[in-house]
Amino acid sequence: MKTIIAACSQNLSGSRASLHAALRTLLAVPWPSQRDVRAWLQLLAVLQWVLSFLLLGPVTLVLLIYLVFTRFWPISALYLAWVIFDWDTPEKGGRRLPCLRRWSVWRHFRDYFPVKLVKTHDLSPGHNYIIGSHPHGILCVGAFCNFITGSTGFSELFPGIRPFLTTLAGNFRLPLFREYLMSGGLCPVTRRAIGHLLSKNGTGNAVAIVIGGAAESLSCSPGVTTLILKNRKGFVRMALQHGAFLVPSFSFGENELFRQVVFEEGSWMRAVQQRFQKMMGFAPCVFYGRGLTSVRSRGFLPYARPITTVVGEPVTVPKIEEPSSEVVDLYHGMYVRSLLKLFNDNKTKYGLSEGDELRIV
């Protein structure tokens, strides 16, 4: 019996020693610092945003189609009935949720790059505005962060102004993704939707339009600032018809977030991209960013580069229900000059050199 007790005591002592050794080893491992935790939170915030924009709509569509052939088919039927009933809502101002703009994840999203909003002039709540957002980049990070989330302080910088951001109308045909977009204040880039915000929603509305659109994303690459604007005049005509002031804005650093394979004009790959863009409304870009595990790896996440969105001086626009082409050209020229001045006055402050020029095609 004494032998058994001695053996048990020896085993217990050995277990205690092993436990103490394990604890010492665990305590010796360096715990993540606050800086590391913040970096991971920022990375996860960007990851959820990228996945939402790239996969939420297509994955939900495939899932609902799959459910049709299972005993859960009523879910697909009910959602289809809801979409039919709610079909016109995106064209009538959407269904924004203020709580989504205040979502804490957007602060981590902002700090990842980081994104900053700069005000140069006041915007009076007594008017409506069309904000031209330049450049498009690959995923319009600056426009989304500043005009959809409240993380950069848009409401504090421009009190009384409600920002909206327009995107492809086709995005509002994708299940669940349409709800996600509307909840943040996005609306289709159609005459009906923009006209509703500028004429039937009171004053103090600022509708941001990425003027260059999908075609401009094909020219997006680091060190190159090319805007497709010369023949884009529809936004000016709408501003005249509703008496909405035109406001230029430029996101410095937007083109630095991804690396893109840019095909030369006239090449067959460029022709395929342009044809696809005309048919589907968006351009299939060949691009890459950083990976999830390392900055040195390649993936679909944007690189952490600072983005500074500068909002310029409003161009006063009269209300003319049927503006002539000459009048549209006049105010289009005024807008372009205001945008060029905004770019030249701020380019050296936010990462560009004095010799960098804004190329408008």
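All figures in this text were calculated on a predicted structure; none of them were measured in a lab. (Residues numbered from 1 in each chain as written. Predicted model: local features only at pLDDT ≥ 70, side-chain atom pairs only at ≥ 80, totals over all residues. Heavy atoms only, no water.)

Undergrad: Residues and numbers for the overall build of the protein chain, please.
TA: Summing up its helical and strand segments, the protein chain has 13 helices and 12 strands in all. By sequence separation, contacts in the protein chain at least 24 residues apart represent 79% of the contacts at least 6 residues apart. Accessible area for the protein chain stands at about 19,200 Å²; split by element, carbon and sulfur atoms hold 62% of it. (Helix = DSSP H or I, 4+ residues; strand = E, 2+ residues; numbered from the N terminus. Contact = heavy atoms within 4.5 Å. Areas by Shrake-Rupley, 256 points an atom, 1.4 Å probe, with all protein chains shown as cover.)

Undergrad: Any details on the side chain of N205? Residues and values, ideally.
TA: Within the secondary structure layout, N205 lies in strand β5 (residues 205-210). Classification of N205 as buried rests on a relative accessible area of 0%. Residue contacts for N205: discarding those within four places in its chain leaves H127, N128, Y129, R162, F164 and L197. (Buried < 20%, exposed > 50% of the residue type's maximum accessible area, 1.4 Å probe, protein only.)

Undergrad: Describe the UniProt feature "transmembrane region" (unreviewed entry) in the protein chain, with residues and values.
TA: In this numbering, the UniProt entry assigns the feature "transmembrane region" (unreviewed entry) to residues 45-69. Counted over residues 45-69, helix gives 96% and strand 0%. Its end C-alpha atoms are 35 Å apart. (UniProt positions renumbered as here; feature names shortened; annotations may be inferred.)

Undergrad: Break down a nonpolar patch on the surface for me, citing the residues and quoting the values.
TA: A cluster of nonpolar side chains, contributed by L51, L54, L55, V59 and F300, occupies part of the molecular surface with about 410 Å² of accessible area. Positionally, L51 belongs in helix α2 (residues 34-68). (Patch = residues over 30% accessible without salt bridge, like charges linked within 9 Å, V, L, I, M, F, W, Y side chains within 5 Å. Salt bridge = Lys/Arg side-chain N within 4 Å of Asp/Glu carboxyl O.)

Undergrad: Summarise the sheet that holds strand β9 (residues 287-290); cite the residues concerned and give the values.
TA: Two pairing modes exist for strands in a sheet, parallel and antiparallel, and in both the strands are linked by backbone hydrogen bonds. Spatially, the 3 strands line up as an open sheet ordered β8-β9-β10, and their pairing is antiparallel. The open sheet has two free edges, formed respectively by β8 (259-260) and β10 (298-299), since each of these has just one partner strand. Two elements, β9 and β10, share 2 bridges in a ladder whose sense is antiparallel. Note that in β10 the partner of R290 across the bridge is R298. (Pairing = 2+ DSSP bridges.)

Undergrad: Give a detailed account of helix α13 (residues 325-346), specifying residues and quantitative values.
TA: Under the 1.5 Å per step criterion, the end-to-end length of α13 is 32 Å for 22 residues, consistent within 8% with the ideal 32 Å. Among all positions of α13, only V328, Y331, H332, G333, Y335, V336, S338, L339, L342, F343 and N346 are buried. (Expected span 1.5 Å × (residues − 1).)

Undergrad: Which residues make up the pairing of strand β2 (residues 129-134), and what values do they have?
TA: Where burial is concerned, most of β2 is hidden: 6 out of the 6 residues are buried. Judged by which residues are buried, β2 turns out to be covered on both faces: Y129, I131 and S133 on one side and I130, G132 and H134 on the other are all buried. Where β2 lies against β5, 5 bridges are found, and the strand directions are parallel. Residue pairing for β5: I130 is matched across the bridge by V207. Pairing between β2 and strand β7 (residues 245-252): 6 bridges, direction parallel. Across the sheet, the residue bridging to G132 is P248, located in β7.

Undergrad: Any chance you could break down the packing of α2 against helix α8 (residues 177-184) for me, citing the residues and the numbers?
TA: Between α2 and α8, the least distance of the axes is 9 Å, while the angle of their chain directions is 135°. Judged by the inter-axis angle, α2 sits oblique to α8. In this structure, α2 contributes Q48, W49, S52, F53, L56 and G57 to the contact, and α8 contributes F177, Y180 and L181. Considering only residue class, the contact of α2 with α8 consists of 6 nonpolar, 3 polar and no charged. (Axes fitted to C-alpha atoms, helices over the stretch in contact; angles between N-to-C directions. Parallel < 35°, antiparallel > 145°, perpendicular 65-115°, else oblique. Nonpolar A, V, L, I, M, F, W, Y, C, P; charged D, E, K, R; others polar.)

Undergrad: Can you lay out the environment of F177 for me, pointing to particular residues and giving the numbers?
TA: Turning to its location among the elements, F177 is positioned in helix α8. With a relative accessible area of 3%, F177 lands in the buried category. The spatial distance from the C-alpha of F177 to the C-alpha of P58 is 8.6 Å, given a sequence separation of 119 residues. Not counting residues up to four positions away in its chain, the partners in contact with F177 are S52, F53, L56, G57 and N171.

Undergrad: Residues and numbers for the confidence of the model for the protein chain, please.
TA: Any region with low pLDDT has predicted coordinates that should not be read closely. Chain-level statistics for the protein chain give a pLDDT mean of 87 and a share of 85% at 70 or above. When the elements of the protein chain are averaged for pLDDT, helix α1 (residues 2-28) gives the smallest value, 55, and strand β11 (residues 307-311) the largest, 98. Below pLDDT 50 for its whole length, residues 1-9 participates in 0 contacts with residues either more than four positions away or in separate chains. (pLDDT = per-residue confidence, 0-100.)

Undergrad: So what's going on with the nonpolar core? Residues and values would help.
TA: Side chains that are nonpolar tend, in soluble globular proteins, to be buried together. Ranked by internal contacts, the top residues of the largest apolar core, which has 46 residues, are W49, W106, F109 and F113. Looking at which element gives the most residues to this core, the answer is α2, with 6 residues. Ignoring sequence-local partners within four residues, the contact set of F109 consists of A45, V46, W49, V141, F144 and C145. V207, L240, A244 and V336 belong to the second largest nonpolar core, which has 33 residues in total. (Core = buried A, V, L, I, M, F, W, Y, C linked by side-chain atoms within 4.5 Å.)

Undergrad: Tell me about the pairing of strand β3 (residues 162-167), residues and numbers included.
TA: Of all 6 residues in β3, 5 are buried; the element is thus mostly enclosed. One ladder, built from 4 bridges, connects β3 with β5; its direction is parallel. Among the inter-strand pairings, L165 is bridged to a residue of β5, identified as A208.

Undergrad: Could you give an account of the packing of α2 against helix α5 (residues 105-112), naming the residues involved and the relevant values?
TA: Across the interface, α2 lies against α5 with an axial gap of 8 Å and an inter-helix angle of 105°. Taken together, the axis directions place α2 and α5 in an arrangement best described as roughly perpendicular. Contacts from L41, Q42, L43, A45, V46, Q48 and W49 in α2 reach V105, W106, H108, F109, D111 and Y112 in α5. Among the residues forming the contact of α2 with α5, the class breakdown is 9 nonpolar, 3 polar and 1 charged.

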